Amino acid sequence: MNEKRSISEMTREEKVYLIQLAEKAEQWEDMLNFMREFLKDVTDLNPAEQTLFLSAYKISANNLRAEIRGLTAVEENLSSENINTDQLREIRNRLWVDLTALCKEANENIEKLLVPELDCRSEILYRKLKGDFIRYVLDNLKDHKEKTAEIKAMMDQYKRAIKMASPKNDFNPTDPLVLSVSINYAVALYEVSNTPHEAVSLLSNILNSAIQNIRDIKSENFKEVSSLLQCMRDNIAMWTST
């Protein structure tokens, strides 16, 4: 009978398969823990591994963000009825601590993966992710100086990603990576920098360029691109109606 091996004893391919199984089973905590083990022994990720990395950290982060939003809504409702919400606030604060630690961990791993010889597409993805993970915790930063520095760091990552994801680097306007970077940068402009005109202008330009090149969408990307373009339309409509 074969003895059960720990994940640290597995090959790279076996670890990836384990992460994929956890994702398929929607066991997000296991997926994240398996990814953490995987990252201990690697210095680069192939495209499939990058996708798993993105899923492991972003799904976990978004789950925490959803819990925080839910508790905040409940707390506000109870406060309006003069009900004590100290316990809810304590739980929410613990979730913020967990989210901040997770985003910091994600960006430390991204920094390790941002090696000089990285290909352009991978660097764009990593810089977009760094911007995202900084943005996720901005609302909980109380120190003005720290928050200002983090906003600058976030914007620098998005700007570098946007600059790289251009036609001069052979990126088509309908490329899903171009569209997703543009959307997240626009959200940062709207929500963080409070520059709605700039956010709408950015999305409008990207949307128009994508529509003009609609025939260049690869068949395997059609569903994702359609969803991203609709997200752009929705954001533009929402931001121009207020």
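Residues numbered from 1 in each chain as written. Predicted model: local features only at pLDDT ≥ 70, side-chain atom pairs only at ≥ 80, totals over all residues. Heavy atoms only, no water.

## Details of the overall build of the chain
To be explicit about the condition: Secondary structure is summarised from DSSP: a helix means a run of H or I of at least four residues, a strand means a run of E of at least two, and numbering begins at the N terminus for each. Throughout, exposure labels follow a simple rule: accessible area from a 1.4 Å probe, protein chains only, divided by the maximum for the residue type, with under 20% read as buried, over 50% as exposed, and the rest as partly exposed. Contacts: residue pairs with any heavy atoms within 4.5 Å of one another. Every accessible area reported is derived by Shrake-Rupley at a probe size of 1.4 Å, with residue values counting cover from the shown protein chains alone. Note on charges: Lys and Arg go in the positive column, Asp and Glu in the negative column, and His and the chain ends are not counted at all. By convention, the point assigned to a charge is CZ for Arg, NZ for Lys, CD for Glu and CG for Asp.
The helix and strand tally for the chain stands at 9 helices and 0 strands. Counted from the first residue to the last, the chain has its helices and strands arranged as α-α-α-α-α-α-α-α-α. The principal-axis extent of the C-alpha atoms belonging to the chain is close to 65 × 55 × 35 Å. Here the chain, with 242 residues, has 41% of them falling under the buried criterion. For the chain, contacts bridging at least 24 residues in sequence account for 64% of all contacts bridging at least 6. Of the accessible surface of the chain, which amounts to about 14,200 Å², a share of 50% is contributed by carbon and sulfur atoms. Once the 32 positive and 39 negative side-chain charges of the chain are each reduced to a mean point, those two points are 4 Å apart.

## Quick word on the packing of aromatic side chains
Spelled out, the test is: Only the six-membered ring of Trp is used, alongside the rings of Phe and Tyr, when aromatic pairs are assigned; centres must lie within 6.5 Å, and planes under 30 degrees apart are stacked while those over 60 apart are edge-to-face, with the rest tilted.
In total, this model carries 4 aromatic pairs according to the counting rule given. With centroids separated by 6.0 Å and ring planes inclined at 40°, the aromatic side chains of Tyr-158 and Tyr-185 adopt a geometry described as tilted. Linking Tyr-158 in helix H6 (residues 144-164) with Tyr-185 in helix H7 (residues 176-191), this pair joins segments that are 27 residues apart in sequence. A residue is classified by how much of its surface remains accessible, and Tyr-158, at 0% relative accessible area, is buried.

## Comments concerning the environment of Ile-91
Within the secondary structure, Ile-91 is located in helix H4 (residues 86-113). Separated by 23 residues in the primary sequence, Ile-91 and Ile-68 place their C-alpha atoms 8.9 Å from one another.

## Notes on helix H1 (residues 12-24)
Stated formally: Take the number of residues in a helix, subtract one, and multiply by 1.5 Å to get its expected span. The directions from the helix axis to the C-beta atoms form the arc being described.
Over its 13 residues, H1 extends 19 Å from the first C-alpha to the last, a length consistent with the 18 Å expected when each residue adds 1.5 Å. Among the residues of H1, those classed as buried are Lys-15, Val-16, Ile-19 and Ala-22. What you see down the axis of H1 is that its buried residues fit within an arc of 120°, all on one side. Facing away from the buried side of H1 by over 90 degrees, the exposed positions are Glu-13 and Lys-24. Buried positions along H1 lie against helix H2 (28-39) and helix H3 (47-80). Backbone geometry just downstream of H1 places Glu-26 in the positive-phi region, at approximately 60°.

## Regarding the packing of H3 against helix H5 (residues 120-135)
The criterion, for reference: Note on definitions: angles span 0 to 180 degrees between N-to-C directions of axes, and those axes are lines fitted to C-alpha atoms, for helices only across the stretch in contact. With respect to orientation, any angle under 35 degrees is reported as roughly parallel, any angle over 145 as roughly antiparallel, any angle of 65 to 115 as roughly perpendicular, and every other angle as oblique. Crossing chirality is assigned from the near helix's rotation relative to the far helix, an anticlockwise turn below a right angle marking it left-handed and a clockwise turn marking it right-handed. Ten residue types, Ala, Val, Leu, Ile, Met, Phe, Trp, Tyr, Cys and Pro, are classed as nonpolar, four, Asp, Glu, Lys and Arg, as charged, and the remainder, Gly among them, as polar.
Taken N-terminus to C-terminus, the directions of H3 and H5 make an angle of 10°; their axes are 12 Å apart at the nearest point. As far as their axial angle goes, H5 and H3 are roughly parallel. For the pair H3 and H5, the sense of crossing is left-handed. Counted together, Gln-50, Phe-53, Leu-54, Tyr-57, Lys-58, Ala-61 and Arg-65 of H3 and Ser-122, Leu-125, Tyr-126, Lys-128, Leu-129, Asp-132, Phe-133 and Arg-135 of H5 form the full contact between these two elements. Tallied by class, residues from the contact of H3 with H5 come to 8 nonpolar, 2 polar and 5 charged.

Shape descriptors only; they carry no functional weight alone.
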